[in-house]
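Close look at the chain arrangement
Single-letter residue listing:
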Amino acid sequence: PDKTSFRSLRKYIRLEDKWILSKIEDLKNDVKDAMDYFNVHLACRVLDRFILEDLSRWYVRLLRDRTWIEGESPDKLAVHKTLHEVLLTLANLMAPFTPHIAEEIYQNLDGKQATIFMSPQIKYDKSLVNIELNQQMDIAREIVERVHSARQKAGIKLRWPVKLIAIKAQT
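The rules behind these values
- Residues numbered from 1 in each chain as written.
- Predicted model: local features only at pLDDT ≥ 70, side-chain atom pairs only at ≥ 80, totals over all residues.
- Heavy atoms only, no water.
- Helix = DSSP H or I, 4+ residues; strand = E, 2+ residues; numbered from the N terminus.
- Buried < 20%, exposed > 50% of the residue type's maximum accessible area, 1.4 Å probe, protein only.
- Contact = heavy atoms within 4.5 Å.
- Axes fitted to C-alpha atoms, helices over the stretch in contact; angles between N-to-C directions.
- Parallel < 35°, antiparallel > 145°, perpendicular 65-115°, else oblique.
- Left-handed = near helix turned anticlockwise from the far one by under 90°.
- Core = buried A, V, L, I, M, F, W, Y, C linked by side-chain atoms within 4.5 Å.

Here D54 shows up in helix α2 (residues 40-67). Judged by its relative accessible area of 8%, D54 falls in the buried class. Setting aside anything within four residues of it in sequence, one finds D54 in contact with W19, I20, K23, R49, Y59 and R141.

We now examine the packing of helix α3 (residues 74-94) against helix α4 (residues 99-109). Relative orientation of the contacting elements α3 and α4 amounts to 150°, with a least axis distance of 8 Å. The angle between the axes of α3 and α4 places the two elements in the roughly antiparallel class. Both α3 and α4 take part in a crossing whose hand is left-handed. Together, H84, L87, L88, A91 and M94 of α3 and I101, A102, I105, Y106 and L109 of α4 make up the contact between the two elements.

Before going further, it helps to spend a moment on the nonpolar core. The nonpolar side chains of soluble globular proteins are, as a tendency, buried together. Counting residues in each nonpolar core, the largest one holds 28 residues, and the members touching the most others are I20, L27 and F50. Counting only elements with at least two residues in this core, the list comes to α1 (15-36), α2, α3, α4 and α5 (131-154). L27 has contacts with V46, L47, F50, L90 and L93, leaving out every residue within four places of it along the chain.

In structure tokens form, the structure reads like this:
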């Protein structure tokens, strides 16, 4: 990424960026808690779930349109900085379990130190955790997943427009 500071882009950070930053903070805490009790399998499971579900299948889908913007818009830079921060943190969390992959990610993203194992220890920042936003995003994801499921059952391809989607809320 370029030299633009993350702070200078704060006003361009969207809800999905705040959400992924909140989720990575939760992930830091979950991995630390699992490792405090030597539950390596649990730490790996939460890392796996974050990478597959939160990052790959949801966040990357949400940011796709923002990354294809021509030129260097502040919105595009904000999403790049957010993704850079998330991937760098993820590499640090993965390092004890997948050192070679984590090292490769680190060297391609940052590489300020000779190795990822010499980089500063990551710190949990509770101020970035937004429980309400996390819950709202879970609801949005569930709606999208159910719509995809209904489309699949009906044989409606994803690129075909749908005139109406009715959502019945539970009371």
